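Summary of the model geometry
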Amino acid sequence: PNDPFLTYIPVGGRFNYYLVESISVELAGSFTGEAVQFESELTEFLKNNKKIRANVDLLDIQVWRAGASVVWSPFYGKLALLQRKLSHFDINLAAGFGVVQTNSPNEARTETEKQFKPEGIIGGGLRAFLTQSFTLRVDFRQFIFQKVGGGVATPSEVTLGVSFFFLGG
């Protein structure tokens, strides 16, 4: 997720159930807690620059998220690799809803409290089929939820992964 003060490296997974060849329902979840988040270069700069003397006040620190989406693959095709092998690919669009847990400061900013917030999910992806049941995938997801103190947070996520199809006909 794109937070100017923290760099998150989400760890998670996705499970898709295909209703028809081009439409699936996706369940997804990822963990973005303290074990997989690091202070960004901006935070380091603000903390270490003696002339600025700034204190970074983090609002919503994301801990985990889970959601369900509908994924539609309207574009698919084949490529000839070196005129020796056909490779299949598809491009997909996704939309859905989920929940994100954040650690947010209380009104006095003396401590943080867990909050569970509903979020909208939109995105897309590309899958390149290596075999009939194994693919490489790149996905983009944009999450939308209400920030602490008003406004809308729009963290985004780019993932690189593999897919394995099983129980298929």
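Note: the structure precedes this text.
Residues numbered from 1 in each chain as written. Predicted model: local features only at pLDDT ≥ 70, side-chain atom pairs only at ≥ 80, totals over all residues. Heavy atoms only, no water.

**Observations regarding the side chain of Ser73**
In this structure, Ser73 sits in strand S5 (residues 61-81). Sequence-distant contacts of Ser73, that is, excluding residues within four places in its chain, are made with Ser22, Asp90, Ile91, Asn92 and Arg127. (Helix = DSSP H or I, 4+ residues; strand = E, 2+ residues; numbered from the N terminus. Contact = heavy atoms within 4.5 Å.)

**Quick look at the pairing of strand S7 (residues 112-129)**
As paired elements, strand S6 (residues 85-105) and S7 share 17 bridges and run antiparallel to each other. What sits directly across from Ala95, in S7, is Ile122. Between S6 and S7, which pair antiparallel in sequence order, lie six residues; one of them, Arg109, sits at a positive phi of approximately 60 degrees. Relative to strand S8 (residues 134-146), S7 runs antiparallel, the two sharing 10 bridges. In the strand pairing of S8, Ile121 is matched with Phe143. Linkage of S7 to S8, two consecutive antiparallel strands, is achieved through a turn of four residues. (Pairing = 2+ DSSP bridges.)

**Some points on empty space enclosed by the protein**
Under the definition given, this model contains one cavity of 30 Å³ or more. Along the walls of the largest cavity sit Asn16, Tyr18, Glu26, Val71, Ser73, Asn92, Arg127 and Arg137, which together make up its complete lining. Looking at the lining of the largest cavity residue by residue, the classes come out as two nonpolar, three polar and three charged. (1 Å grid on protein atoms, 1.4 Å probe; cavity = no way out; pocket = protein on both sides within 12 Å on 5 of 7 lines; lining within 4 Å. Points joined across faces, edges and corners; volume = space filled by probe spheres on them. Nonpolar A, V, L, I, M, F, W, Y, C, P; charged D, E, K, R; others polar.)

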